[in-house]
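Chain by chain, the residues:
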Amino acid sequence: MSDDYDFSGKVVLVTGSSRGIGAGMITAFGQRGARCAVTYVTDREGRNKADAERVAATLPQARVVQCDVADPAQVTAMMKNVQEQFGGSDILVNNAGILQDRSIKKMAFEEWERVLRVNLTGTFNCIQQAIPILRTGGRIINVSSVSGQLGFFGQANYASSKAGIMALTKVAARELAKNQITVNAIAPGFINTEMSRGMPEEVTKQFISQIPVGHFGEVDDIVYAVMFLCSEAGRYITGQILHVNGGFYM
């Protein structure tokens, strides 16, 4: 069973892997033998690039790649880069995403459209452009959210994008099955990350009171679920949404 989680020789690309859950995933794969593409999107301060380089420096076979997943041309260039540097790919994790919360009444069209463009269209772009370089037996994991099921107040754009990812996952699973490529989604609940730690204390307490296990999850809880679906142990699972939320949504 332990050999199921040996990713030696596999090439793994995780979008948005400069920090948070993405960094946790790419680090875990790299520590288990995978050759890794650590990706980031350019920001004014240069923090994302610095963080990506820091993550890559801890892994023996990692490369840093810049990509805005909302831009099809950049996604095409990223996949070409992976093909040239690694000779193809075995695992794609679509993790990149953004939040811009506001009520429907107050939400500007650009706020609606940008979140959909990054979260949902970005996932589509990466799946589409990865198909030519994904090897037989490959894995695609899309990161959705419990918000896609519950539709939290003020998250019309985010919840819609994450619900769309669930549907996209099922379509991609059907279309890529002939290539022996599985496609699944992970739907995290509340996880201890930089984003969740920025919530007001009272809001945090309110959400914790609704979680049956009584606490937020950790990054490793998502990492373990992703690694299972990408391992030999998960080879016959496709088109599924795995909820990792401590019972918050059942």
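What you see is a predicted model; the values in this text were computed from it and never measured. (Residues numbered from 1 in each chain as written. Predicted model: local features only at pLDDT ≥ 70, side-chain atom pairs only at ≥ 80, totals over all residues. Heavy atoms only, no water.)

J.: Got a minute to help me understand the packing of aromatic side chains in this structure?
T.: Both the distance between ring centres and the angle between the ring planes are used here to describe each pair of aromatic rings. Summed over the entire model, instances satisfying the criterion amount to 8 aromatic pairs. Summarising the aromatic geometry, the rings of Phe152 and Phe248 are spaced 6.0 Å apart at their centres and angled 50 degrees between planes, so their arrangement reads as tilted. Taken together, the residues Phe152 in the loop between helix H5 (147–150) and helix H6 (156–176) and Phe248 in the segment after strand S7 (241–244) connect sequence positions 96 residues apart. By the ring-pair criterion, three or more aromatic residues cluster together here, those being Phe152, Phe190, Phe207, Phe216 and Phe248. (Phe/Tyr/Trp six-rings, centres within 6.5 Å; stacked < 30°, edge-to-face > 60°. Helix = DSSP H or I, 4+ residues; strand = E, 2+ residues; numbered from the N terminus.)

J.: Whenever I open this one, the sheet that holds strand S1 (residues 11–14) confuses me. Can you help?
T.: In a beta sheet, neighbouring strands pair by backbone hydrogen bonds and run either parallel or antiparallel. The 7 strands lie next to each other as S3-S2-S1-S4-S5-S6-S7, forming an open sheet whose pairing is parallel. Among the strands making up the open sheet, the edge pair consists of strand S3 (62–66) and S7. Taking the axes of each pair of neighbouring strands and ignoring which way they run, one obtains an average angle of 20 degrees across the sheet. Bridge count between strand S6 (residues 182–188) and S7: 4 bridges; the pairing is parallel. When the sheet's bridge partners are listed, Ala187 is paired in S7 with His243. Its contacts with the sheet put helix H4 (residues 109–130) on strand S4 (89–94) and strand S5 (134–143), and the angle it makes with S4 is roughly 170 degrees. (Pairing = 2+ DSSP bridges. Axes fitted to C-alpha atoms, helices over the stretch in contact; angles between N-to-C directions. Contact = heavy atoms within 4.5 Å.)

J.: Looking at this structure, how should I read the packing of H4 against H6?
T.: Helix packing geometry: the angle between the two helix axes and the distance between the axes. Their axes nearest at 9 Å, the elements H4 and H6 cross at an angle of 15 degrees. Taken together, the axes of H4 and H6 lie roughly parallel to each other. The two elements H4 and H6 meet at a crossing, and its hand is right-handed. Mapping the contact onto sequence places Glu111, Trp112, Val115, Leu116, Asn119, Leu120, Thr123, Phe124 and Ile127 in H4 and Ala156, Asn157, Tyr158, Ser160, Ser161, Lys162, Gly164, Ile165, Leu168, Ala172 and Leu176 in H6. (Parallel < 35°, antiparallel > 145°, perpendicular 65-115°, else oblique. Left-handed = near helix turned anticlockwise from the far one by under 90°.)

J.: I'm lost on the nonpolar core in this one. Help?
T.: Generally speaking, nonpolar side chains in soluble globular proteins are found buried as a group. If you look at the biggest cluster of nonpolar residues, it comprises 33 residues, and the most contacted ones within it are Met25, Phe29, Val93, Ile186 and Val226. Contributing elements (two or more residues each) for this core: S1, helix H1 (20–31), strand S2 (35–40), helix H2 (47–57), S4, S5 and helix H9 (219–230). Looking at this core element by element, the count peaks at 8 residues for H9. Val11, Met78, Val82 and Phe86 belong to the second-largest nonpolar core, a separate cluster that totals 27 residues. (Core = buried A, V, L, I, M, F, W, Y, C linked by side-chain atoms within 4.5 Å. Buried < 20%, exposed > 50% of the residue type's maximum accessible area, 1.4 Å probe, protein only.)

J.: How do you make sense of unusual backbone geometry when you look at a structure like this?
T.: One can expect most non-glycine residues to show negative phi and most peptide bonds to be in trans. For Gln180, which is not glycine, the phi torsion reads 60 degrees and is therefore positive. Locating Gln180 in the fold gives a position in the loop between H6 and S6. A relative accessible area of 52% means that Gln180 is categorised as exposed.

J.: Teacher, can you tell me more about the pattern of salt bridges here?
T.: Pairing between side chains of opposite charge can happen when the charged atoms of each approach one another. The final tally for this structure, using the stated rule, is 9 salt bridges. In this structure, the salt-bridge partner of Lys205 is Glu201, at a minimum N-O distance of 3.3 Å. Taken together, the residues Lys205 and Glu201, both in helix H8 (residues 201–208) and 4 residues apart, mark about one turn of the helix. Of the residues examined, Lys205 reaches a relative accessible area of 46% and is grouped as partly exposed. Connected via shared salt-bridge partners are Arg19, Arg47, Asp51 and Arg54. (Salt bridge = Lys/Arg side-chain N within 4 Å of Asp/Glu carboxyl O.)

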